[in-house]
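Each chain is listed here by its residues.
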Amino acid sequence: MKKECEIVQDLIFGYCDGTLNPASRELVEKHLVKCEECKKVYKEIKKDKKNDDDDKIEIDYLKRVNKKLKRKKIMIVISSICIVLLVVLHIVAFICYYHDHTTIEIFMNKDISEDQMTNIQNQIKNQTENVEITYVSSEKQLEKMKQRFEDNQDLLAGYEGENNIFSPSFIIKTKTIQDMEKIEESLETVEGIKKISSTSSNLYESLIMNIFTILYN
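Model, not experiment: these values are computed from the prediction.

A.B. asks: Would you take a moment to explain the overall build of the protein chain for this structure?
C.D. replies: Counting its secondary structure elements, the protein chain contains 7 helices and 4 strands. Along the protein chain, from the amino end to the carboxyl end, the secondary structure elements read α-α-α-β-α-β-α-β-α-β-α. Counting the 217 residues in the protein chain, one finds 27% classified as buried. A sequence separation of at least 24 residues applies to 76% of the contacts in the protein chain between residues at least 6 apart. Total accessible area computed for the protein chain in this model is approximately 15,900 Å², and 55% of it derives from carbon and sulfur atoms.

Below, the structure written as structure tokens:
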């Protein structure tokens, strides 16, 4: 009987796993009916196996939860980066827009008189005290164009001195867009002005134009 118990106990693991052949399975089942000791061993093994299965299920569940949490963290990081980039983009776009709409260039006639230039400056200063006026001579305009076309200087050959076709200008910078609008309106009928170069772009057009200016200058 002792020998049969040893055989059955060796087969119990296979019996619990369902891997025994029919003859061995029948032997174990018949023996468990009449042997309390082997039945006790079987119950212990079955209990341990159930605990192992439960542990495996728990581990698998925790792995799935950790994977979901990891994916969630990655999505949160990506979303945060996108939000930061959008905020930075809006800030840069606003800076470009503000700069474009608080800066204009007033091109004057080549034969403008000193009195007319003084009148233009006074007209600008009458609109706001917070204004910066920079004079750009015809010669300076030519130099700026030469720098822009430095790879093809032949285009500007012969325009020095009396042949200079570029107009002098005032570059106007104000603190607010409202001040600039008042200045532009006040200069519409002033003598000596050839053209006022300003921008009517929106927020993102200003950003795109500034990017192109940086890339191609």
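A.B. asks: For this particular structure, what's the right way to read helix H4 (residues 114-127)?
C.D. replies: In an α-helix, one turn spans 3.6 residues, which is why side chains three or four residues apart end up on the same side. When the terminal C-alpha atoms of H4 are compared, their 21 Å separation across 14 residues agrees well with the 20 Å that a helix rising 1.5 Å per residue should span. Turning to H4, its buried residues are Met117, Ile120 and Ile124. The arc that holds every buried residue of H4, seen down its axis, measures 60 degrees, which confines them to one face. In H4, those exposed residues whose orientation departs by more than 90 degrees from the buried face are Glu114, Asp115 and Asn126. Here the buried face of H4 lies against strand S1 (103-108), strand S2 (131-136), strand S3 (169-174), helix H6 (177-186) and strand S4 (193-197).

A.B. asks: Any chance you could explain a positive patch on the surface here in plain terms?
C.D. replies: Together, Arg64, Lys67, Lys68, Lys70, Arg71 and Lys73 make up a region of like positive charge exposed at the surface. Looking at the element boundaries, Lys70 is found in helix H3 (residues 36-101). Since its relative accessible area comes to 58%, Lys70 is described here as exposed.

What counts, and at which threshold
- Residues numbered from 1 in each chain as written.
- Predicted model: local features only at pLDDT ≥ 70, side-chain atom pairs only at ≥ 80, totals over all residues.
- Heavy atoms only, no water.
- Helix = DSSP H or I, 4+ residues; strand = E, 2+ residues; numbered from the N terminus.
- Buried < 20%, exposed > 50% of the residue type's maximum accessible area, 1.4 Å probe, protein only.
- Contact = heavy atoms within 4.5 Å.
- Areas by Shrake-Rupley, 256 points an atom, 1.4 Å probe, with all protein chains shown as cover.
- Expected span 1.5 Å × (residues − 1).
- Arc of directions from axis to C-beta.
- Patch = residues over 30% accessible without salt bridge, like charges linked within 9 Å, V, L, I, M, F, W, Y side chains within 5 Å.
- Salt bridge = Lys/Arg side-chain N within 4 Å of Asp/Glu carboxyl O.
- Lys, Arg positive; Asp, Glu negative; His and termini not counted.
- Charge placed at Lys NZ, Arg CZ, Asp CG, Glu CD.

Bear in mind that shape data such as this cannot, by itself, settle questions of function.
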